[in-house]
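# Per-entry structural report
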Amino acid sequence: IYKATNVNGLIAIAIGTGITILVQSSSITTSVLTPFVGIGVIQLEQMFPLTLGANIGTTITGLLAAMVSDNVDALQVALCHLFFNISGIVIWYPIPIMRRVPLRGARALGRATRRSRLVPPIYIIVVFFVIPL
């Protein structure tokens, strides 16, 4: 797996996109890769572009659904979702110093989770329920 994921970042983004288009779920792609990072089979830096590609791939499902409907608004929303994710990649991936921000955050969250099993549920409650208020 290490050799298969040890590719150029843009190729890894394309691979993540392709895998996610095939399974139609970025959650599956990310959930399969996360334990491999946890046990050290692949590095976090290798997973990052695959996850970015998965984010693009998951927008394709919505884009396909919008294209079979006659609703122009659905296509507009699907394209906004696609270009929002592409914009995020353009902001976070090309500049190495920007890549460090989510990677450091992931490492910090991983270390905190290793220390206490309460961290993930607290993180989810804070991020998805408290902050949106």
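What comes next concerns the included structure. (Residues numbered from 1 in each chain as written. Predicted model: local features only at pLDDT ≥ 70, side-chain atom pairs only at ≥ 80, totals over all residues. Heavy atoms only, no water.)

## Comments concerning the layout of surface pockets
Here the largest pocket is characterised by a volume of approximately 1100 Å³. Where the lining of the largest pocket is concerned, the elements lending two or more residues are α3 (26-38), α4 (44-68), α5 (72-92), α6 (96-115) and α7 (119-130). Here the lining of the largest pocket takes 10 residues from α6, the largest share from any one element. Classifying every residue of the lining of the largest pocket by side-chain character gives 18 nonpolar, 10 polar and 3 charged. (1 Å grid on protein atoms, 1.4 Å probe; cavity = no way out; pocket = protein on both sides within 12 Å on 5 of 7 lines; lining within 4 Å. Points joined across faces, edges and corners; volume = space filled by probe spheres on them. Helix = DSSP H or I, 4+ residues; strand = E, 2+ residues; numbered from the N terminus. Nonpolar A, V, L, I, M, F, W, Y, C, P; charged D, E, K, R; others polar.)

## Quick look at α3
When the terminal C-alpha atoms of α3 are compared, their 18 Å separation across 13 residues agrees well with the 18 Å that a helix rising 1.5 Å per residue should span. For α3, every residue scored as buried is listed here: Ser26, Thr29 and Leu33. Projection of α3 onto a plane perpendicular to its axis shows the buried side chains occupying an angular sector of 65 degrees, all on one side. Elements that come into contact with the buried residues of α3 comprise α2 (9-23) and α4. The opening residue of α3 is Ser25, an N-cap whose side-chain oxygen sits 3.3 Å from the backbone nitrogen of Ser27. Directly beyond the C-terminal end of α3, a positive phi value near 85 degrees is found at Gly40. (Expected span 1.5 Å × (residues − 1). Buried < 20%, exposed > 50% of the residue type's maximum accessible area, 1.4 Å probe, protein only. Arc of directions from axis to C-beta. Contact = heavy atoms within 4.5 Å. Polar contact = N/O pair within 3.5 Å; in protein donor to acceptor, adjacent residues only side chain to side chain.)

## Brief notes about the nonpolar core
Judged by nonpolar contacts, the single largest core of 13 residues is most densely connected at Ile13, Leu52, Ile89 and Tyr93. The dominant element in this core, judged by the number of residues it contributes, is α4, at 7 residues. (Core = buried A, V, L, I, M, F, W, Y, C linked by side-chain atoms within 4.5 Å.)

## Points about the pattern of salt bridges
Note on pairing: side chains with opposite charge can pair once their charged atoms come close. Using the criterion set out here, one finds 1 salt bridge in the structure. One salt bridge connects Glu45 with Arg107, and the closest N-O pair in it is separated by 2.3 Å. Here the residue Glu45 occupies a position in helix α4, and Arg107 occupies one in helix α6, the gap between them amounting to 62 residues. (Salt bridge = Lys/Arg side-chain N within 4 Å of Asp/Glu carboxyl O.)

## A look at α2
Helical geometry: 3.6 residues make up each α-helical turn, so side chains three or four residues apart lie on a common side. The terminal C-alpha atoms of α2, which comprises 15 residues, lie 21 Å apart, in line with the 21 Å expected from a rise of 1.5 Å per residue. Listed in full, the buried residues belonging to α2 are Gly9, Ala12, Ile13, Gly16, Thr17 and Thr20. The arc enclosing the buried residues of α2, seen along the axis, measures out at 140 degrees, which places them on a common side. For α2, exposure combined with an orientation more than 90 degrees from the buried face picks out Leu10 and Leu22. Buried residues along α2 sit in contact with α3, α4 and α5.

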